[in-house]
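Chain residues, written in single-letter form:
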Amino acid sequence: QMQLVESGGGLVQPGGSLRLSCKASRAITSVFNSHVMAWYRQAPGKERELVARIFDAKNTEYSDSVKGRFTISRDNSKKVMYLQMNSLQPEDTAVYYCNAVSGRGASWGQGTQVTVSS
């Protein structure tokens, strides 16, 4: 499975923006491209939830809570997935995890903390 490393988390004020990145390694581009990529998040005391998923450059889906505010994308040539997060709110505070799924299984990143607070 691919090794996934998230970055880009941090502390922002409500209404602010962040862009998360998930870099895949130990995989060639074609292998990265074969994976459905997704962002999950887990807030303190809550279960991990799907935030957004991208099957390819055109086929994406979002949770209702982030729809219209977050944008998921991927750059297969760089083996990177992004999550552009705009209009962040305190309820978006969570550890955000990168996920990759193929027919062979799934991989997870270590997570990156996003904190939205005044």
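In this report, we go over the structure that sits alongside the text. (Residues numbered from 1 in each chain as written. Predicted model: local features only at pLDDT ≥ 70, side-chain atom pairs only at ≥ 80, totals over all residues. Heavy atoms only, no water.)

### A closer look at the sheet that holds strand β1 (residues 3-7)
Link 1 in the chain: A sheet is described by the order of its strands in space; here four strands give the open sequence β1-β3-β8-β7, paired in antiparallel fashion. Of all the strands in the sheet, the pair left with one neighbour each is β1 and β7 (70-75). Between one strand axis and the next, the sheet turns through 15° on average, direction left out of account. (Pairing = 2+ DSSP bridges. Helix = DSSP H or I, 4+ residues; strand = E, 2+ residues; numbered from the N terminus. Axes fitted to C-alpha atoms, helices over the stretch in contact; angles between N-to-C directions.)

### Notes on the pattern of salt bridges
Link 1 in the chain: Evaluated as defined, the whole model comprises five salt bridges.
Link 2 in the chain: Note that Arg-41 is salt-bridged to Glu-49, the shortest N-O span being 2.9 Å.
Link 3 in the chain: Residue Arg-41 is classed as buried on the basis of its relative accessible area of 4%.
Link 4 in the chain: A salt bridge links Arg-69 to Asp-92; the shortest N-O distance between them is 2.7 Å. Residue Arg-69 is located in the loop between β6 (60-62) and β7, and its partner Asp-92 is located in the loop between β8 (80-85) and β9 (94-102); the two are separated by 23 residues in the primary sequence. You'll find Arg-69 and Asp-92 in the same group, each marked buried. (Salt bridge = Lys/Arg side-chain N within 4 Å of Asp/Glu carboxyl O. Buried < 20%, exposed > 50% of the residue type's maximum accessible area, 1.4 Å probe, protein only.)

### Regarding the side chain of Arg-69
Link 1 in the chain: Note on Arg-69: relative accessible area 18%, which makes it buried.
Link 2 in the chain: Among the polar contacts made by the side chain of Arg-69, one reaches the main-chain carbonyl oxygen of Ser-65 at a distance of 2.8 Å.
Link 3 in the chain: Sequence-distant contacts of Arg-69, defined by excluding residues within four places in its chain, comprise Gln-84, Met-85, Asn-86, Ser-87, Leu-88, Gln-89 and Asp-92. (Polar contact = N/O pair within 3.5 Å; in protein donor to acceptor, adjacent residues only side chain to side chain. Contact = heavy atoms within 4.5 Å.)

### Focus on the environment of Gly-111
Link 1 in the chain: Relative to the assigned elements, Gly-111 resides in the loop between β10 (105-108) and β11 (112-116).
Link 2 in the chain: A sequence separation of 71 residues divides Gly-111 from Tyr-40, and the C-alpha atoms of the two residues are 9.1 Å apart.
Link 3 in the chain: Excluding residues within four positions of it along the chain, Gly-111 makes contact with Glu-6, Val-95, Tyr-96 and Tyr-97.

### Describing the state of the cysteines
Link 1 in the chain: Applying the stated rule across the entire model yields one disulfide.
Link 2 in the chain: Covalent S-S linkage joins Cys-22 and Cys-98, the inter-sulfur distance amounting to 1.8 Å. Given an S-S torsion of about -70°, the disulfide between Cys-22 and Cys-98 has left-handed geometry. With a gap of 76 residues between them, Cys-22 in strand β3 (residues 18-25) and Cys-98 in strand β9 connect regions that are remote in the sequence.
Link 3 in the chain: On the basis of relative accessibility, which here comes to 0%, the residue Cys-98 falls in the buried class. (Disulfide = S-S within 2.5 Å.)

So yeah, pure geometry; function would need other evidence.
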